[in-house]
Amino acid sequence: MFNLEEGYDLNYNKICVDSKWNESEKKELLMHTIHAYPAKFPSFIASKAFEYAISEGVKINKVADIFCGCGTVALEAKIHNYDFWGCDINPVATLIAKTKSCDYNLDELEKYFKDIKKIVGTMKFGQQEYYNANKRLQYWFTPNNYTELLKLHSAIGVAVDNEKYREAFECIFSAILKACSKWLTKSIKPQVDPNKKEINVEQCFDRQYRKFLKSIKELEHSSSTIEVRCQNFLTCQKLPEVDLLITSPPYVTSYEYADLHQLSSLWLGYTDDYRKLRKGSIGSIYYSDEIDIELSELNDTGKEIIASLKKSPCPNSRIKSIARYYLDMQNAIKRSYSMLNNGGMIFLVIGDTEYKGVKILNSRHLVEALKTEGFKGIKIGKRTISRGLCVPFRDSEGKFSKDKDKKKIYHEEFIISGRCWK
């Protein structure tokens with residue numbers, strides 16, 4: 001890790017890739033894979049972040065992730081017997097996070113599963129339910145698969161009277177929705193495959209349940225206290241005191257998570273219009289339209305990037321969303337400092353991007369924000385992204401792409417840490 005204590009002028013030529021942050025020596029636990037999630041935080045980084053913090057003298061009792069996503073850090077904290085607090089604005093993400101980090105009784109889980117199967121066998125729905133359904137669900141599902149999914153979801157609601165177990169079965173249900181829909185297989189973007197064949201909904205659910213059952217058997221019971229909230233970190237009223245904060249912030253030109261998780265959001269009743277869930281999402285172009293932005297509050301790096309974007313062909317709406325993103329991240333760093341106990345550590349994973357020919361220096365902006373808020377002993381390292389959904393190529397709009405003919409921008413991430421001394 002490159003020490004930035006003497007000033008914060010990032011000389012990227014001095015920052016070498018540290019191979020220890022690239023790959024894991026251990027196989028990833030099955031529980032980390034129970035539900036697909038775009039650009040999922042690598043679990044081994046969380047585990048190595050614990051080791052790194054301890055080596056730096058941090059005494060860890062409680063860990064936090066302020067953008068907890070699908071709960072990778074939550075599960076790793078549980079495995080390492082640390083208490084955990086996390087939040088995310090995305091209700092689908094927090095459903096997955098809660099499910100992954102809970103303890104379950106296998107006999108009780110099996111009883112609920114058998115009850116669900118029994119009730120499904122008694123349900124009779126006609127295609128009229130499909131034509132009365134949310135128009136967006138009609139768009140994504142065939143009448144037959146919609147009806148079969150409706151039976152399954154209704155049976156879960158009837159059979160499972162325990163909230164923790166009901167959420168677990170809803171997570172299993174959510175995990176099969178894309179496979180059972182017209183969504184193009186392995187596509188991150190919402191895209192219909194007109195030639196996709198129907199699959200058997202009940203068989204798909206059974207396979208996903210067996211996977212979940214197997215993943216539970218891999219884990220040992222933990223005495224850790226795990227709390228996951230569906231909240232916007234920037235508006236959380238009461239923040240906990242923690243020793244280590246590990247997070248990978250959302251990316252300024254990334255996808256709209258509300259769009260990516262629309263099937264689950266609609267089926268599980270989180271909204272009747274997935275577009276409503278864009279509101280408040282950091283970096284969302286829709287969110288920025290509703291907010292008055294004071295550019296003078298941006299730090300120097302943020303101001304430089306916005307000034308460069310104004311000289312580019314970048315649309316004003318996108319410039320505004322990027323400015324909003326940087327202001328939100330500055331606020332997030334300020335709130336993070338207030339959460340940390342004396343001697344605590346913040347550990348961030350972030351990548352730089354490019355938009356309309358302008359370099360979006362997220363890492364530099366975060367380092368400056370850490371300095372401004374009083375973090376000490378700031379260090380930065382670099383890792384190579386070699387696989388997974390977080391692919392290293394970008395199209396002309398700055399979106400992730402698997403096309404190797406596109407610009408190779410997003411092939412490295414930065415590991416940034418700072419200490420909180422009060």
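You'll find the structure just up there.
This report concerns the structure included in the present document. This one's a predicted model, so the numbers in the text were calculated from it and none came from an experiment.

Volume-wise, the second largest pocket comes out at about 790 Å³. Lining the second largest pocket are 31 residues, with Ala-36, Tyr-37, Ala-175, Lys-178 and Lys-186 positioned closest to its centre. Of all the elements in the fold, those that place two or more residues in the lining of the second largest pocket are helix H8 (163-175), helix H9 (201-218) and helix H11 (262-267).

Quick look at the sheet that holds strand S5 (residues 242-247) now. The strands that make up a sheet are held in pairs by hydrogen bonds between backbone atoms, and each pair lies either parallel or antiparallel. Within the open sheet, the eight strands sit side by side as S1-S9-S13-S6-S5-S2-S3-S4. Their pairing is mixed. Taken across any chain shown, the strands that pair with only one partner, and hence form the sheet edges, are strand S1 (2-3) and strand S4 (226-230). Both strand S6 (residues 340-350) and strand S13 (residues 412-420) contribute to a ladder of seven bridges, which runs antiparallel. Looking across to S13, one finds that Gly-344 is bridged to Cys-420. Packing against the sheet, helix H14 (residues 316-339) makes contact with strand S2 (62-65), strand S3 (83-88), S5, S6 and S13, and its axis sits at approximately 150° to S6. Against the sheet, helix H15 (residues 362-373) engages S6, strand S9 (376-384) and S13, with an angle of about 170° to S6.

A few words on the pattern of salt bridges. Applying the stated rule across the entire model yields 14 salt bridges. As a salt-bridge pair, Asp-206 and Lys-117 come within 2.7 Å of each other at their nearest N and O atoms. One end of the pair, Asp-206, is in helix H9; the other, Lys-117, is in helix H4 (residues 106-122), with 89 residues separating them in the sequence. Classification of Asp-206 by relative accessible area gives buried; the value is 14%. Its salt-bridge partner being Asp-272, residue Lys-276 comes within 2.8 Å of it at the nearest N-O pair. Connected via shared salt-bridge partners are Lys-117, Glu-202 and Asp-206.

Turning our eyes to something else, we now look at the packing of helix H1 (residues 43-55) against helix H2 (residues 72-79). Where H1 contacts H2, the axes come no closer than 9 Å and their chain directions differ by 50°. By the angle between their axes, H1 is oblique relative to H2. Viewed along their axes, H1 and H2 form a crossing whose handedness is right-handed. Each of Ser-43, Ala-46, Ser-47 and Phe-50 in H1 lies in contact with H2, whose residues at this interface are Thr-72, Val-73, Glu-76 and Ala-77. Considered class by class, the residues forming the contact of H1 with H2 number four nonpolar, three polar and one charged.

With that settled, consider empty space enclosed by the protein. For the structure on display, the rule yields two cavities of 30 Å³ or more. As for the second largest cavity, its lining consists of Val-120, Glu-148, Leu-152, Val-201 and Glu-202. Going through the elements one at a time, helix H7 (143-159) and H9 are the ones with two or more residues in the lining of the second largest cavity. Taken together, the residues of the lining of the second largest cavity break down into three nonpolar, no polar and two charged.

This part takes up the pairing of S6. With respect to burial, S6 is a largely interior element, nine of its 11 residues being buried. Here S5 runs beside S6; their pairing, made up of five bridges, is parallel. Pairing of Thr-247 across the sheet is with Leu-348, part of S6.

This next bit is on the environment of Tyr-52. Residue position: Tyr-52 is located in helix H1. Exposure remark for Tyr-52: the relative accessible area of 6% places this residue in the buried category. Leave out the neighbours within four places in its chain, and Tyr-52 touches Met-1, Trp-21, Met-345, Phe-347, Lys-379 and Ser-417.

Analysis parameters
Residues numbered from 1 in each chain as written. Predicted model: local features only at pLDDT ≥ 70, side-chain atom pairs only at ≥ 80, totals over all residues. Heavy atoms only, no water. 1 Å grid on protein atoms, 1.4 Å probe; cavity = no way out; pocket = protein on both sides within 12 Å on 5 of 7 lines; lining within 4 Å. Points joined across faces, edges and corners; volume = space filled by probe spheres on them. Helix = DSSP H or I, 4+ residues; strand = E, 2+ residues; numbered from the N terminus. Pairing = 2+ DSSP bridges. Contact = heavy atoms within 4.5 Å. Axes fitted to C-alpha atoms, helices over the stretch in contact; angles between N-to-C directions. Salt bridge = Lys/Arg side-chain N within 4 Å of Asp/Glu carboxyl O. Buried < 20%, exposed > 50% of the residue type's maximum accessible area, 1.4 Å probe, protein only. Parallel < 35°, antiparallel > 145°, perpendicular 65-115°, else oblique. Left-handed = near helix turned anticlockwise from the far one by under 90°. Nonpolar A, V, L, I, M, F, W, Y, C, P; charged D, E, K, R; others polar.

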